[in-house]
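Chain by chain, the residues:
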There are 2 protein chains.
Amino acid sequence: MGGLIGLDWGASTLRAYKFDETGRIEETRSRSWGIRRLPEGGFAAALAGITEGWPTTLARLACGMVGSRGGWREIPYVDLPADATKVVNGITRVQLDNGTALHFVPGLRDPSGPDLMRGEETQLIGAIPLHTDIAGNSTWILPGTHSKWASVRDGSVTGFHTFMTGELFALLSEHSILAQGETAPHDQESFARGVSAARDSGAAGALSRLFSARALMLEGRLPPAATADYLSGLLIGEEFRAALAGHLAAPGATLQLIGEPALCERYRHAAALFEIDLAPPLRDAAAHGLWKLAEEAGLLRTTVEAPRPC
Amino acid sequence: MGGLIGLDWGASTLRAYKFDETGRIEETRSRSWGIRRLPEGGFAAALAGITEGWPTTLARLACGMVGSRGGWREIPYVDLPADATKVVNGITRVQLDNGTALHFVPGLRDPSGPDLMRGEETQLIGAIPLHTDIAGNSTWILPGTHSKWASVRDGSVTGFHTFMTGELFALLSEHSILAQGETAPHDQESFARGVSAARDSGAAGALSRLFSARALMLEGRLPPAATADYLSGLLIGEEFRAALAGHLAAPGATLQLIGEPALCERYRHAAALFEIDLAPPLRDAAAHGLWKLAEEAGLLRTTVEAPRPC
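Residues numbered from 1 in each chain as written. Chains lettered and ligands numbered in written order. Predicted model: local features only at pLDDT ≥ 70, side-chain atom pairs only at ≥ 80, totals over all residues. Heavy atoms only, no water.

Structural notes on the overall build of chain A
No. 1: Each helix and strand counted, chain A has nine helices and 13 strands in total.
No. 2: C-alpha extents for chain A along the principal axes are approximately 65 × 45 × 30 Å.
No. 3: Out of the 310 residues belonging to chain A, those deemed buried represent 57%.
No. 4: Here the analysis covers contacts within chain A between residues at least 6 apart in sequence; of these, 64% occur between residues at least 24 apart.
No. 5: Of the roughly 12600 Å² of accessible surface on chain A, a fraction of 50% belongs to carbon and sulfur atoms. (Helix = DSSP H or I, 4+ residues; strand = E, 2+ residues; numbered from the N terminus. Buried < 20%, exposed > 50% of the residue type's maximum accessible area, 1.4 Å probe, protein only. Contact = heavy atoms within 4.5 Å. Areas by Shrake-Rupley, 256 points an atom, 1.4 Å probe, with all protein chains shown as cover.)

Some remarks on the relation of the copies chain B and chain A
No. 1: Mapping chain B onto chain A calls for a rotation angle of 180° and an axial translation of 0.0 Å; the resulting RMSD is 0.0 Å. What the rotation and shift describe, once combined, is the action of a two-fold rotation axis. Closest approach to the rotation axis among the C-alpha atoms of chain B is made by A203 of chain B, whose C-alpha sits 2.3 Å away.
No. 2: Of the residues that chain B buries at the interface, 100% are likewise interface residues in chain A, meaning the two copies contact each other through the same surface. (Least-squares fit on C-alpha atoms with pLDDT ≥ 70 in both.)

Considering the pattern of salt bridges
Residues and elements named next belong to chain B.
No. 1: Following the criterion strictly, the structure yields 24 salt bridges over all chains and no others.
No. 2: A salt bridge links E26 to K18; its shortest N-O distance comes to 2.3 Å.
No. 3: For K18, a relative accessible area of 14% corresponds to the buried category.
No. 4: With a shortest N-O distance of 3.5 Å, R268 and E265 are connected by a salt bridge. A residue pair is termed a helical-turn pair when its members lie 3 or 4 positions apart in one helix, as R268 and E265 do in helix 8 (residues 261–273) at three residues.
No. 5: For R268, a relative accessible area of 24% translates into the label partly exposed. (Salt bridge = Lys/Arg side-chain N within 4 Å of Asp/Glu carboxyl O.)

Things to note about the domain arrangement of chain A
No. 1: Segmenting chain A into domains produces domain 1 (4–118 + 284–301) and domain 2 (162–273).
No. 2: Using only C-alpha atoms to locate each centre, domain 1 of chain A and domain 2 of chain A end up separated by 31 Å. (Domains from an automatic or database assignment.)

Concerning the packing of helix 3 (residues 120–127) of chain A against helix 9 (residues 285–296) of chain A
Residues and elements named next belong to chain A.
No. 1: Running from N to C, helix 3 and helix 9 cross one another at 80°; their axes reach a closest spacing of 6 Å. When the axes of helix 3 and helix 9 are compared, the pair comes out roughly perpendicular. Across from T122, Q123, I125, G126 and A127 in helix 3, the residues of helix 9 making contact are A285, A286, H288, G289, L290, K292 and L293.
No. 2: Here the contact of helix 3 with helix 9 is built from residues that sort into six nonpolar, five polar and one charged. (Axes fitted to C-alpha atoms, helices over the stretch in contact; angles between N-to-C directions. Parallel < 35°, antiparallel > 145°, perpendicular 65-115°, else oblique. Nonpolar A, V, L, I, M, F, W, Y, C, P; charged D, E, K, R; others polar.)

Overview of the packing of aromatic side chains
No. 1: Applying the stated criterion to the full structure yields 18 aromatic pairs over all chains.
No. 2: Aromatic pair W9 of chain A and W72 of chain A: ring centres 6.0 Å apart, planes at 70°, arrangement edge-to-face. Of this pair, W9 of chain A sits in strand 1 (residues 4–9) while W72 of chain A sits in the loop between strand 4 (59–63) and strand 5 (78–79); the two residues are 63 residues apart in sequence, bridging distant segments of the chain. This pair shows no difference in class: W9 of chain A is buried, exactly as W72 of chain A is.
No. 3: Each ring, one from F43 of chain B and one from W72 of chain B, has its centre 5.4 Å from the other, and the planes form 10°; the classification is stacked. Taken together, the residues span a long stretch of sequence, with F43 of chain B in helix 1 (residues 42–50) and W72 of chain B in the loop between strand 4 (59–63) and strand 5 (78–79) at a distance of 29 residues. Take F43 of chain B and W72 of chain B: they sit in the same class, and that class is buried.
No. 4: Three or more aromatic residues joined by ring pairs form one cluster here, namely W149, F163, F240, Y267 and F274 of chain A. (Phe/Tyr/Trp six-rings, centres within 6.5 Å; stacked < 30°, edge-to-face > 60°.)

Thoughts on the pairing of strand 1 of chain A
All names here are of chain A.
No. 1: For strand 1, the buried fraction is high: six of the six residues fall into the buried class.
No. 2: Strand direction decides the pairing type here: strand 1 and strand 4, joined by five bridges, are parallel. Across the sheet, G6 pairs through a bridge with L61, a residue of strand 4.
No. 3: Of the strand pairs in this sheet, strand 1 and strand 2 (residues 14–19) are connected by six bridges, and their pairing is antiparallel. Bridged to D8 within strand 2 is R15.
No. 4: Once strand 1 ends, the chain turns through four residues before running back antiparallel as strand 2. (Pairing = 2+ DSSP bridges.)

Structural notes on the side chain of S147 of chain A
All names here are of chain A.
No. 1: Considering the arrangement of structural elements, one finds S147 in strand 11 (residues 147–153).
No. 2: Side chain to side chain, S147 and E239 meet in a polar contact 3.3 Å long.
No. 3: A polar atom in the side chain of S147 sits 3.0 Å from the side chain of Y267.
No. 4: Once you skip the residues sitting within four places of it in the chain, S147 turns out to touch L142, H161, T162, F163, T165, E239 and Y267. (Polar contact = N/O pair within 3.5 Å; in protein donor to acceptor, adjacent residues only side chain to side chain.)

A few points about unusual backbone geometry
For residues that are not glycine, phi is negative in most cases, and the peptide bond is trans in most cases.
No. 1: A cis amide bond links G113 of chain A to the next residue, P114 of chain A, at an omega of -10°.
No. 2: Not every positive phi belongs to a glycine, and D154 of chain B is a case in point at roughly 50°.
No. 3: In this structure, D154 of chain B sits in the loop between strand 11 (147–153) and strand 12 (156–163).
No. 4: Take D154 of chain B: its relative accessible area is 69%, and that puts it in the exposed class.
No. 5: Look at H247 of chain B: it is not a glycine, yet its phi comes out positive at around 55°.
No. 6: Among the structural elements, H247 of chain B can be located in the loop between helix 7 (227–245) and strand 13 (254–257).
No. 7: Residue class for H247 of chain B comes out exposed when judged on its relative accessible area of 66%.

Concerning the interface of chain B and chain A
No. 1: On the chain A side, the residues contacting the 42 residues of chain B number 42 residues.
No. 2: Sorting the residues of chain B by area buried against chain A places M164, L207 and F211 of chain B first, and these three jointly supply 18% of that buried surface.
No. 3: Here chain B and chain A share two salt bridges between them.
No. 4: Notably, a salt bridge pairs E219 of chain B with R109 of chain A, separated by 2.3 Å at the nearest N-O pair.
No. 5: Linking chain B to chain A there are 12 residue pairs in polar contact (both at pLDDT 80 or more).
No. 6: Counting residues per element, the side of chain B that touches chain A draws most heavily on helix 6 (residues 212–218) of chain B, which supplies six residues. (Buried area = accessible area lost by both parts, 1.4 Å probe.)

Details of the sheet that holds strand 9 (residues 115–117) of chain A
Residue and element names in this part refer to chain A.
No. 1: Spatially, three strands are ordered 5-8-9 in an open sheet, and the strand pairing comes out mixed. This sheet does not close on itself; its edge strands, each paired only once, are strand 5 and strand 9.
No. 2: Sheet topology places strand 5 next to strand 8 (residues 108–110); two bridges connect them, and they run parallel. Note that in strand 8 the partner of D79 across the bridge is R109.

With respect to the sheet that holds strand 9 (residues 115–117) of chain B
No. 1: Strand order in the open sheet formed by three strands is 5-8-9 (chain B), with mixed pairing between adjacent strands. Single-partner strands in this sheet number two, and they are strand 5 and strand 9 of chain B.

Details of the environment of L102 of chain A
All names here are of chain A.
No. 1: Looking at the element boundaries, L102 is found in strand 7 (residues 101–104).
No. 2: When the C-alpha positions of L102 and E121 are compared, they lie 18 Å apart, and in sequence the two are 19 residues distant.
No. 3: Not counting residues within four places of it along the chain, the set of residues in contact with L102 comprises L7, L47, R60, A62, W72, T92, R93, V94 and L96.

This is the structure:
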């Protein structure tokens, strides 16, 4: 027997992958059961629900915020530099109340920040072997609620930095004086104006330009429905401006995106305005990483306990 | 007869001043009836409520967000450069539904931003004559939800810049992953750490350091109850860093604070960490400004209509 159930369990979404014994994904499921919005019955109910009908004999490996404080169990971080082997050594087996086991991938800690990640380490471990051409010296951008810029050298994560871009966008576009309540199809021009304003903000930075979105809107120079796209451009542009000012992209390093296609398209557009050419993103990186980690950890060979009868 | 009712009507608070015919404040009232949280009956009920028992023969002059889009009436902005006379010329008399009149102070517009203010122009007009020693070349900091840094030359406002510091602090400390739900007495040390982190963030800026608050807290290096003070320091420090990087304080200009004492104390502490010595803030600047504008506009001599009987 073989195979694996891999879980990518973040703050807002829970994704489950069923792998066959060769590592091929047989089925993917997604629920809005992130650790901040669990169903009734909590973590156990979410796990049972999303794996319903899948063999209980398969090992289960979870990455992401499920292993954070506020998650199901708090799993210690692994310090940088970290390669796949070091992450494998940090995998923690937790005995659940029903007698079955769940394995947790540890997050990474960059002591120089300090900075932390949970989940992105698995995406990186999944992506690096697919890009041996650049993995010798590369910078990986993982856009999201808490975007990461990670440096990889010879297969090891050597440093990373978090930008709260996605969370700031959600807060400002929904709850601030910049919120418009109107939505519109993606307005590329307003997005590009925001990116350019951030790029051209110099050392003062785009935080000092946020209010300009309101001024432009009140003057009729920015349609209310386009304010969100302008703001998105301003914040993603600021991420690039600050990352470049902070030398997060090492000289000579290739930049590579990992993440959700529509969001990565915005990052590619922003990068182009900084004269950086970004290739389309890698997809399913978390699934690749979960399989690779489970394989190296020997989880595919473990005997899995059947749940105790209630 | 003379005297005046002055209204400082912002997004969250409504303040009313009753002046005697010499400009002395006889009574001050404050209600949480900002334009975003009006009582039942809206603007008219708020005005009637806060001026209850005061003579209906007094002229009434209002400044602040009450004159913005989303306020009671939208009053056009006056473009920079602007002195008291130019603001007086922009005062708009509005006939209310009950037949009485309310005068509105216009806001200011800096075309070079673009940037906008409503209410702070009245505080500046109140403060400048009290500081003729520095008003020849000065920079005024008005901390708040939307902090302003304003340049004044020879009694005229020549430029200003808005930082959304207070609004960002409220959003992040209450609704983001940095929210702790715990409050504690002001922790000066954590505040100073935040200011220093922003000061030392260089051209990358402190927006890229926000997540460090969570990392420090999870590592036990920042008490959860002190996270809000660290965040406050980081954001106020970023305001100073960006303002100095953007040359908002003109060379040779004296810096002066206007605003609420506790918040201004934080700005003085932050300024000290940037080796800037800030004097204690001016108070009641809005009241001084309302009186001065009403006087120059000749409102103290107008005949005021009695309300129509219902």
